Amino acid sequence: MLVLERGEEMISTLTDFCTEEGIHNAFFQGIGAVEQVEIGYYDLATRSYVFRQEDAVFEVASLQGNVALVDGAPFVHAHAVLSRTDDSCACIGAHLKQASVAVTLEISLTDLSNSSFERQQDEAVGLKLINL
Amino acid sequence: MLVLERGEEMISTLTDFCTEEGIHNAFFQGIGAVEQVEIGYYDLATRSYVFRQEDAVFEVASLQGNVALVDGAPFVHAHAVLSRTDDSCACIGAHLKQASVAVTLEISLTDLSNSSFERQQDEAVGLKLINL
Amino acid sequence: MLVLERGEEMISTLTDFCTEEGIHNAFFQGIGAVEQVEIGYYDLATRSYVFRQEDAVFEVASLQGNVALVDGAPFVHAHAVLSRTDDSCACIGAHLKQASVAVTLEISLTDLSNSSFERQQDEAVGLKLINL
């Protein structure tokens with residue numbers, strides 16, 4: 001269990017935690033609230049990510065991700081469903097590039113460091129994919 | 001693995017289960033369907049939750065949460081993404097205050113009772129946050 | 001950790017994996033991208049699933065599910081939240097009947113084969129529910 005505090009950037013804080021604790025393989029889930037979010041999708045046609053910026057506070061209705069080695073260092077891959085903090089409770093979701101914790105972010109991380117998998121460039125899709 | 005039955009209120013049933021089984025720290029995920037839902041978000045400006053009521057049946061597209069001690073008793077914190085049971089499959093999401101099981105609710109709970117963390121009031125945000 | 005490749009049908013690939021590895025009880029989560037999706041909900045009134053077809057590529061913003069025995073063979077039950085790969089990042093969610101992997105699908109599966117639960121027909125709701 002990890003608890004991130006208001007103002008912490010989620011992806012970099014989680015990456016730093018894994019580096020410091022020697023966690024190179026893991027998966028995680030989490031709930032909380034974030035703001036100043038960069039979220040987007042991978043466009044297969046252009047082989048590049050397309051991101052949008054959202055500054056408002058969103059509830060983290062769902063957070064899932066994993067940690068794998070890239071060039072020997074832990075790399076965090078996270079997808080989220082974020083819901084608007086208004087009466088609509090409407091959701092956006094996708095790949096989370098970065099997000100600042102707005103209230104709290106409670107992450108349950110399962111360490112898989114007895115495994116050993118890393119990401120390697122896949123030329124067919126243009127991304128670093130997990131190689132088991 | 002826990003399976004809740006039609007008509008059971010999710011949060012109280014899960015809380016009772018943890019109390020009876022002596023589970024004071026855990027995280028969980030789940031899928032199923034619910035109705036008579038109270039769902040909402042924490043408004044940082046007013047330091048209070050704002051809830052909306054939904055009576056219809058929703059699929060539980062995602063459920064994530066954790067269990068931590070509050071005043072010595074297990075407290076369930078859950079976020080969900082709910083999808084409408086019509087052709088739209090449209091989603092709402094947020095903090096789940098209560099929900100009645102509509103068909104079934106299949107919950108996978110990981111007991112962390114070898115850990116020990118509780119929620120304590122955080123004056124900066126006005127909520128009980130997990131203190132590791 | 002399982003990594004499905006572009007073109008693999010998710011539910012059948014996961015079912016085959018569990019059959020080959022002798023995994024009869026499990027839960028899982030996952031992230032990635034899919035296309036050619038059949039997604040829908042269970043309609044209590046008609047006691048049948050209603051599915052819709054989506055051919056476009058969606059990010060898998062959330063994937064959760066479990067594996068239980070049905071007639072002695074592993075059966076995969078999965079719910080997902082899928083987000084459009086356009087600027088809206090809008091979500092649909094529900095029960096996932098089938099989906100073809102579009103880029104990659106990274107699944108973290110927790111084997112519960114020291115447990116033993118199966119699905120049995122529940123006449124009240126008209127579905128095979130998990131019997132613990």
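Fair warning: this is a prediction, and the values are worked out from it, not measured in the lab.

Student: Can you help me understand the pairing of strand β6 (residues 91–111) of chain A in this one?
Tutor: Every regular strand shows the same layout, with side chains that alternate between the two sheet faces. Residue and element names in this part refer to chain A. Of all 21 residues in β6, 17 are buried, a share of seventy percent or more. With four bridges joining them, strand β1 (residues 2–5) and β6 adopt antiparallel strand pairing. For leucine 4, the partnering residue across the bridge sits in β6 and is leucine 105. Direction of pairing for strand β2 (residues 26–43) relative to β6: antiparallel, over a ladder of 12 bridges. Looking at β6, one finds that isoleucine 31 is bridged to glutamate 106. Sheet topology places strand β5 (residues 73–84) next to β6; five bridges connect them, and they run antiparallel. Bridge assignment links leucine 82 to a residue of β6, and that residue is isoleucine 92. Here β5 hands over to β6 after six residues, with cysteine 89 in that stretch at a positive phi of 50°.

Student: How do you make sense of helix α1 (residues 10–21) of chain C when you look at a structure like this?
Tutor: Within an α-helix, residues lying three or four positions from one another point in the same direction, as the helix has 3.6 residues per turn. All names here are of chain C. In this model, α1 (12 residues) spans 16 Å end to end at C-alpha, consistent with the 16 Å of a helix rising 1.5 Å per residue. Three or more residues of α1 are buried, namely Met10, Ile11, Leu14, Thr15 and Cys18. One face of α1 carries all of its buried residues, which in axial projection span an arc of 125°. At its buried positions, α1 is contacted by β1 (2–5), β2 (26–43), β4 (58–70), β5 (73–84) and β6 (91–111). Its side-chain oxygen 3.1 Å from the backbone nitrogen of isoleucine 11, glutamate 9 forms the N-cap of α1. Just past α1, the residue glycine 22 takes up positive phi, approximately 70°.

The rules behind these values
- Residues numbered from 1 in each chain as written.
- Chains lettered and ligands numbered in written order.
- Predicted model: local features only at pLDDT ≥ 70, side-chain atom pairs only at ≥ 80, totals over all residues.
- Heavy atoms only, no water.
- Buried < 20%, exposed > 50% of the residue type's maximum accessible area, 1.4 Å probe, protein only.
- Helix = DSSP H or I, 4+ residues; strand = E, 2+ residues; numbered from the N terminus.
- Pairing = 2+ DSSP bridges.
- Expected span 1.5 Å × (residues − 1).
- Arc of directions from axis to C-beta.
- Contact = heavy atoms within 4.5 Å.
- Polar contact = N/O pair within 3.5 Å; in protein donor to acceptor, adjacent residues only side chain to side chain.

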